[in-house]
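Structural overview
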Amino acid sequence: MLQWSQQKMNLSGSHGGCREEGVRSGQGEAETDKEAKRLWWPRLLLLSALGFLGLLLYRTAVVRYIFIPMGVCPSAIMPLVRDNFTGVLRHWARPEVLTCTSWGAPIIWDGTFEPDVAQQEARRQNLTIGLTVFAVGRYLEKYLESFLKTAEQHFMVGQRVVYYVFTDRPAAVPGVELGPGRRLRVEPVAREPRWQDVSMARMRTLHEALAGRLGREADFVFCLDVDQRFVGDFGPEALADLVAQLHAWHYRWPRWLLPYERDRRSAAALRPGEGDFYYHAALFGGRVAALRALTAHCARGQRRDRERGVEALWHDESHLNQFLWRHKPTKLLSPEFCWAPEVGRRMEIRRPRLLWAPKEYALVRA
């Protein structure tokens, strides 16, 4: 009996020891969890700081240039690139940017050309340069006067220029003092019910104008959006048979991210793998014959889309990009020629020519 009591005590002591061990083990795990949490917060803060630093560096162009490089002009192509207005292009002056395309067209950056050579060549050819702009609805009073005044200061200075203002309110076009050899013509257009229709109707209107007086008066024509202003010299270095503008927001994006039209029902659609660059419809130009072909293509594609009940994502710009994929431009303008301050500071943007005005869509599209 005594022996049995001792065994029971031993067993109780054993179970008690197990319970004590379990308690100590639970306490140890809790302390480990607390220690892990204490270590976890500094790590989270460190990762958050690194993430914020990465975003900051991306905005200031350091990381962005690593992951989305622009590329450089291949040395094998450089000797083949020629320009009728700037003479020999100085590709080596801008080694940090792409200065030519794979098909041998120059991309014009500040420092790659001699402005005086371009001016002299334009005068030698006795050229007249047309500049078209649409100022419909509230765009007229908001932007047109600034556009015209700054154009007089910077656009093709010293050359013969004809401004063509297309507007639904001809009497409201502001009077702007013009220099010698420069004229302004006002062309009435109908007010479209939607701003999208205003944007798309211009291709048809331009096509008709190029077949008329504009096409007879001008040797080269540039088509610009009105909601921007000139801030730097925009001269004959921009002239070529077919001129395209690299989009300020997209010129460093990889091709698979570019906002081409992808709806196969649209005449503007590009398939995956198609497209070279993304071009901005706020600025394009060239000789009259080339622009007639471009505007006819875009107007025809828009008409086909309407018949099918579809509308391209970026309207006339989508159709413009489709045309320029199939008919390569002979000159590209760097984003310096049409820059958006909202993009932020970019080291390669040295001398902007045009700046986008602040977008007040709620006001001008009402």
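Residues numbered from 1 in each chain as written. Predicted model: local features only at pLDDT ≥ 70, side-chain atom pairs only at ≥ 80, totals over all residues. Heavy atoms only, no water.

**Thoughts on a positive patch on the surface**
Judged by side-chain charge, Arg204, Arg300, Arg303, Arg304, Arg306 and Arg308 come together as a positively charged surface patch. A per-element tally of the positive patch places helix 7 (residues 288-308) first, with five residues. Along the chain, the position of Arg303 falls in helix 7. (Patch = residues over 30% accessible without salt bridge, like charges linked within 9 Å, V, L, I, M, F, W, Y side chains within 5 Å. Areas by Shrake-Rupley, 256 points an atom, 1.4 Å probe, with all protein chains shown as cover. Salt bridge = Lys/Arg side-chain N within 4 Å of Asp/Glu carboxyl O. Lys, Arg positive; Asp, Glu negative; His and termini not counted. Charge placed at Lys NZ, Arg CZ, Asp CG, Glu CD. Helix = DSSP H or I, 4+ residues; strand = E, 2+ residues; numbered from the N terminus.)

**What to know about the packing of helix 7 against helix 8 (residues 316-326)**
Contact pair helix 7 / helix 8: the axes reach a minimum separation of 9 Å and the direction vectors enclose 125 degrees. Classed by the angle they form, the pair helix 7 and helix 8 counts as oblique. Crossing of helix 7 over helix 8 shows right-handed handedness. Across from Ala293, Leu294, His297, Cys298, Gly301, Gln302 and Asp305 in helix 7, the residues of helix 8 making contact are Asp316, His319, Leu320, Gln322, Phe323 and Leu324. A breakdown of the residues in the contact of helix 7 with helix 8 according to their chemical character gives six nonpolar, five polar and two charged. (Axes fitted to C-alpha atoms, helices over the stretch in contact; angles between N-to-C directions. Parallel < 35°, antiparallel > 145°, perpendicular 65-115°, else oblique. Left-handed = near helix turned anticlockwise from the far one by under 90°. Contact = heavy atoms within 4.5 Å. Nonpolar A, V, L, I, M, F, W, Y, C, P; charged D, E, K, R; others polar.)

**Concerning the UniProt feature "binding site: Mn(2+)" (unreviewed entry) in the chain**
Taking the UniProt record as the reference, the feature "binding site: Mn(2+)" (unreviewed entry) is found at Asp225 and Asp227. Mapped onto the elements of the fold, Asp225 is located in the loop between strand 5 (220-224) and strand 6 (228-230). Leave out the neighbours within four places in its chain, and Asp225 touches Val133, Phe147, Arg202, Ala281 and Ala282. The buried category is assigned to Asp227, whose relative accessible area is 9%. Those residues in contact with Asp227, other than ones at most four positions away along the chain, are Tyr139, Tyr143, Trp356, Ala357 and Lys359. (UniProt positions renumbered as here; feature names shortened; annotations may be inferred. Buried < 20%, exposed > 50% of the residue type's maximum accessible area, 1.4 Å probe, protein only.)

**Focus: the environment of Arg326**
Position of Arg326 among the secondary structure elements: in helix 8. Residue Arg326 is classed as partly exposed on the basis of its relative accessible area, which comes to 46%. Once the C-alpha coordinates of Arg326 and Asp276 are considered, the two residues, 50 residues apart in sequence, prove to be 9.8 Å apart.

**A look at the environment of Pro95**
The topology assignment puts Pro95 in the loop between helix 2 (62-67) and strand 1 (107-108). Pro95 sits in the exposed class, given a relative accessible area of 57%. When the C-alpha positions of Pro95 and Gly71 are compared, they lie 9.4 Å apart, and in sequence the two are 24 residues distant.

**Overview of the UniProt feature "active site" (unreviewed entry) in the chain**
What UniProt calls "active site" (unreviewed entry) maps, in this numbering, to Glu317. Within the secondary structure layout, Glu317 lies in helix 8. Its relative accessible area of 9% is what places Glu317 among the buried residues. Once residues lying within four places of it in the same chain are set aside, the contact partners of Glu317 are His247, Tyr278, Tyr279, His280 and Ala281.

**Section: the side chain of His154**
Within the fold, His154 resides in helix 4 (residues 139-154). Residues in contact with His154, not counting those within four places in the same chain, are Phe230, Val231, Gly232, Asp233 and Phe234.

**Some words on the pairing of strand 3 (residues 160-167)**
Counting buried positions along strand 3 gives seven out of eight residues, so the element sits mostly inside the fold. Where strand 2 (residues 128-134) lies against strand 3, seven bridges are found, and the strand directions are parallel. Within strand 3, the position partnered with Ile129 by the bridge is Val161. Once the chain exits strand 2 it traverses helix 4 before rejoining the sheet at strand 3, and the crossover so formed is right-handed. (Pairing = 2+ DSSP bridges. Right-handed = clockwise from strand over helix to strand, strands pointing away.)

**A look at the sheet that holds strand 9 (residues 331-333)**
The eight strands are arranged 1-9-7-8-5-2-3-4 in an open sheet whose pairing can be described as mixed. Either end of the sheet is taken by a strand with one partner, and the two such strands are strand 1 and strand 4 (182-188). The sheet contact formed by strand 2 and strand 5 spans five bridges and is parallel. Residue pairing for strand 5: Val133 is matched across the bridge by Leu224. Along the sheet face, helix 4 touches strand 2, strand 3, strand 4 and strand 5 and points at about 175 degrees away from the line of strand 3.

**Topic: the environment of Gly181**
Inspection of the secondary structure puts Gly181 in the loop between strand 3 and strand 4. C-alpha separation for the pair Gly181 and Thr128, spaced 53 residues apart in sequence, amounts to 9.1 Å. With sequence-adjacent residues up to four places away left out, Gly181 is seen in contact with Gln159, Arg160 and Val161.

**Considerations on helix 8**
Extensive coverage of helix 8 is indicated by the burial of nine of its 11 residues. Asp316, Glu317, Ser318, His319, Leu320, Asn321, Gln322, Phe323 and Leu324 are the residues of helix 8 that are buried.

**Description of the packing of aromatic side chains**
According to the stated counting rule, one finds 15 aromatic pairs in the structure shown. A centroid spacing of 4.7 Å and a plane angle of 15 degrees characterise the contact between Phe134 and Phe166, whose relative ring orientation is stacked. Residue Phe134 is found in strand 2, and its partner Phe166 is found in strand 3; the two are separated by 32 residues along the sequence. The exposure class assigned to Phe166 is buried, which follows from its relative accessible area of 3%. The rings of Phe147, Phe155, Phe222, Phe230, Phe234 and Phe337 are connected pair by pair, giving a single aromatic cluster. (Phe/Tyr/Trp six-rings, centres within 6.5 Å; stacked < 30°, edge-to-face > 60°.)

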